[in-house]
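Architecture at a glance
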Amino acid sequence: MSGTFALLHPPASPLPPFLSFSRISHFHSPPPLSTADFWRLTSRRSVSISKTSISTMTNDEENTGTVKKQLSKLFEQSLRITVPSESDVEPLIAACAPKFGDYQCNNAMGLWSRIKNKKDNGFKGPPSIGKVIMENLPPTEMIEKCTLAGPGFVNIKLSTSWIAKNIQKMLIIGIETWAPRLVIKRAVVDFSSPNIAKEMHVGHLRSTIIGDTLARMLEFSNVDVLRRNHVGDWGTQFGMLIEFLFDKFPNWEDASAQAIGDLQEFYKASKKRFDEDPAFKGRAQQAVVRLQGGETSYRRAWAQICEISRNEFHKVYQRLGVQLEEKGESFYNPYIPGVIEQLSNQGLVEESQGARVIHIEGVNIPLIVVKSDGGYNYASTDMAALWYRLNEEKVEWIIYVTDVGQQQHFEMVFSAAKLAGWLPANDNMYPKASHVGFGLVLGEDGKRFRTRNTEVVRLVDLLDEAKNRSKSVLIERGKAAEWTEQELEHTAEAVGYGAVKYADLKNNRLTNYTFNFDQMLNDKGNTAVYLLYAHARICSIIRKSGKDIDELKKTGVLSLDHDDERGLGLHLLQFSEVVEEACTNLLPNVLCEYLYNLSENFTKFYSNCQVVGSAEETSRLLLCEATAVVMRKCFHLLGITPVYKI
């Protein structure tokens, strides 16, 4: 990094303290649920299916929708007049290349294919339709002009003064007025989800980072998000762990986490004993029965192991600034029998080789919901969790963030839910469930990222190294002499952790990506360091002007007379529709691309338009501030802490 940063002197508007974490809450397993209780819950809480498709709402007076939505409303009025017989046609509005305009309406060709064989349609071809669409647009201050191109494309140039007015309004009222309004009110984002007694490793990095960003974008869009950590805290392995705890620590209730030590090693040692000692294996298997039967000492031992793991997970979440509510496998276990019974009563569950399964059309393997030994598995738990989220938590969208290897499993679970009538067959209707898959994290050798001794990399160690590398650069630049130790630590964390997050999020989540510290911490190119540098530079420009930016927001006027001012302003105004697209398609990289292009547009503007000392200083300082505000919101949505000083 050639530049250095500080978290000093944030803007006057209040911001949350640096990496302020609330305690990660968790839910203990509920008491066993009788079949009668389950059916009482089912009878009073039925799942309702909405025919609402993926779109946005614009009820808020101050939020009139994205630019694209506002244009769609105008062109919808024109289409109803132009082709009244085609009332189901929706406006096709898209951003276009600058040489054509700002946006395009692309309905003419499709309309012509629908009406060309109808008598007296009044048109000679797509261009004539496009021309009439333009003529029938209602009066609006939003559009400066429209032109016709090719086979009926309507090119739209927005009013420059309208762009400027909307940016200035955002500066006064706040960027929340640019939040998309999604039709859904409540969603679950199921992410991270490590296994108890196992170390969080780099394999959990993508789920945690991607899930957190999706949750943040939905929350910004005024959705009530239930951030769920579906930890692996139930199953046959706990008999082995509990029995090993009893053997190693006769006074196990007094044993501290320090005494038990590294849970990963504890797990390995118990597994080795399980594999090699038949007597121990027998006791471990019996321990599972006692645990699941609710025997007090076994429940307490299980809770102690879970708590030690939970404290280790918290170290990772604290570094990443991630908040989660834990509802693990054990929470849903009491609901499984009732769910299986309901599915059986619907005729969906069949016997197969001693197991109970649901056959999914088009899949050559069944979904096993009860194993041949009578035990439950992932499918049992996931079906119960899905039922609970739809019926008890009343969510409209359930998003599961796991690796692509689990895609088929979740598709089968969703298909079973559709067969049961829990979810609509049409994926554009609510409630709905989506699997957000992601690829592998690779080392520089192109293989799964591991340490030299082939062990999976511990996530805490990985994050600490990113922070330490960042701190070393800051010290090399002489910042240890200029800043307090706390400022140095906080800045190193912001840059180091931000670099790791952005390196992941900027990629399409479905692809693998190579983990490389040197590339992540490079201050050139599409990296968090470069973007943090760009933000700090904007803050520096505003400070050096000596002007009170909050006062300028009230008294100054923003204008976009230069082409590069207008280009930057238009890009700022498109922030809302980019967030909407990233939410709708569950693709954080769309927001990363927008943020990088925003910094590039600002660089172009700043290179060609003098700010401080120019006749346009006030207007250009307001444009700088608007850019910084949008960048900070992008950072927040990506879970990155901004820096304010170079």
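Nothing here was measured: the structure is a model prediction, and the numbers come from that model.

1. Things to note about the pattern of salt bridges
Under the definition given, this model contains 49 salt bridges. Of the charged contacts in the structure, one is a salt bridge between Asp190 and Arg389, with a shortest N-O distance of 3.0 Å. On the criterion of sequence distance, the pair formed by Asp190 in strand β6 (residues 186-190) and Arg389 in helix α14 (residues 378-391) is long-range, its members being 199 residues apart. A residue is classified by how much of its surface remains accessible, and Asp190, at 6% relative accessible area, is buried.

2. Considerations on the sheet that holds strand β2 (residues 93-95)
Strands sit in the order β2-β3-β5-β4 across an open sheet of four strands; the sheet is antiparallel. Each having just a single partner strand, β2 and β4 (143-149) make up the two edges of the open sheet. Pairs of neighbouring strands in the sheet enclose a mean axial angle of 25 degrees, with direction left out of account. Across three bridges, the pairing between strand β3 (residues 103-105) and strand β5 (residues 153-158) is antiparallel. Looking across to β5, one finds that Tyr103 is bridged to Ile156.

3. Section: the confidence of the model for the protein
Summarising the model, the protein shows a mean pLDDT of 88, and 88% of its residues fall at 70 or more. Scored below 50 in pLDDT, residues 8-25 makes 33 contacts in the model with residues more than four places away or belonging to other chains. Of the regions scoring below 50 in pLDDT, residues 43-61 engages in 51 contacts with residues more than four places distant in sequence or in other chains.

4. Some points on the nonpolar core
Within the largest apolar cluster, 159 residues are counted, with the highest numbers of intra-cluster contacts made by Leu158, Leu218, Phe515, Phe575 and Val630. Considering each element in turn, this core owes the most residues, 13 residues, to helix α25 (residues 617-638). Beyond its immediate sequence surroundings of up to four residues, Phe575 is in contact with Ile175, Trp178, Phe220, Leu591, Tyr594, Val630, Lys633, Cys634 and Leu637. Core analysis: the next-biggest nonpolar cluster, separate from the first, contains 37 residues, Val188, Val349, Ile360 and Leu367 among them.

5. Description of the sheet that holds strand β10 (residues 355-358)
With antiparallel pairing, the three strands of this open sheet are ordered in space as β9-β10-β11. Unpaired on one side and paired on the other, β9 (350-352) and β11 (367-370) mark the two borders of the sheet. Going from strand to strand, the sheet's axes swing by 50 degrees on average, the running direction of each strand aside.

6. A look at the pairing of β6
Consecutive residues of a regular strand have side chains that alternate between opposite faces of the sheet. For β6, a buried count of four out of five residues is recorded, marking the element as mostly surrounded by other parts of the structure. Crossover β6 to strand β7 (residues 224-229) through helix α6 (residues 205-220) is right-handed. Where β6 lies against strand β12 (residues 397-403), four bridges are found, and the strand directions are parallel. Paired with Ala187 across the strands is Trp397, a residue of β12.

7. Description of the side chain of Glu243
In this structure, Glu243 sits in helix α7 (residues 237-248). Those residues in contact with Glu243 that sit more than four places away from it in its chain are Phe280, Arg283, Ala284, Ala287 and Tyr298.

8. What about the environment of Ala528?
One can find Ala528 in helix α20 (residues 528-545). It is 8.3 Å that separates the C-alpha atoms of Ala528 and Val500, two residues lying 28 residues apart in sequence. Beyond its immediate stretch of four places on either side in the chain, Ala528 contacts Gly498, Ala499 and Tyr502.

9. Focus on the packing of aromatic side chains
Inspection of every chain in the model, using the stated rule, returns 22 aromatic pairs. When the centroid spacing of 5.9 Å and the interplanar angle of 10 degrees are considered together, the rings of Phe602 and Tyr606 count as stacked. One end of the pair, Phe602, and the other, Tyr606, are both in helix α24 (residues 588-608), four residues apart, so they sit about a helical turn from each other. The rings of Phe331, Tyr332, Tyr335, Trp387 and Tyr388 are connected pair by pair, giving a single aromatic cluster. Here Arg299 stacks its cationic end above the ring of Trp302, 5.9 Å away from the centre of that ring.

Conventions adopted
Residues numbered from 1 in each chain as written. Predicted model: local features only at pLDDT ≥ 70, side-chain atom pairs only at ≥ 80, totals over all residues. Heavy atoms only, no water. Salt bridge = Lys/Arg side-chain N within 4 Å of Asp/Glu carboxyl O. Helix = DSSP H or I, 4+ residues; strand = E, 2+ residues; numbered from the N terminus. Buried < 20%, exposed > 50% of the residue type's maximum accessible area, 1.4 Å probe, protein only. Pairing = 2+ DSSP bridges. Axes fitted to C-alpha atoms, helices over the stretch in contact; angles between N-to-C directions. pLDDT = per-residue confidence, 0-100. Contact = heavy atoms within 4.5 Å. Core = buried A, V, L, I, M, F, W, Y, C linked by side-chain atoms within 4.5 Å. Right-handed = clockwise from strand over helix to strand, strands pointing away. Phe/Tyr/Trp six-rings, centres within 6.5 Å; stacked < 30°, edge-to-face > 60°. Lys NZ or Arg CZ within 6 Å of the ring centre and 35° of its normal.

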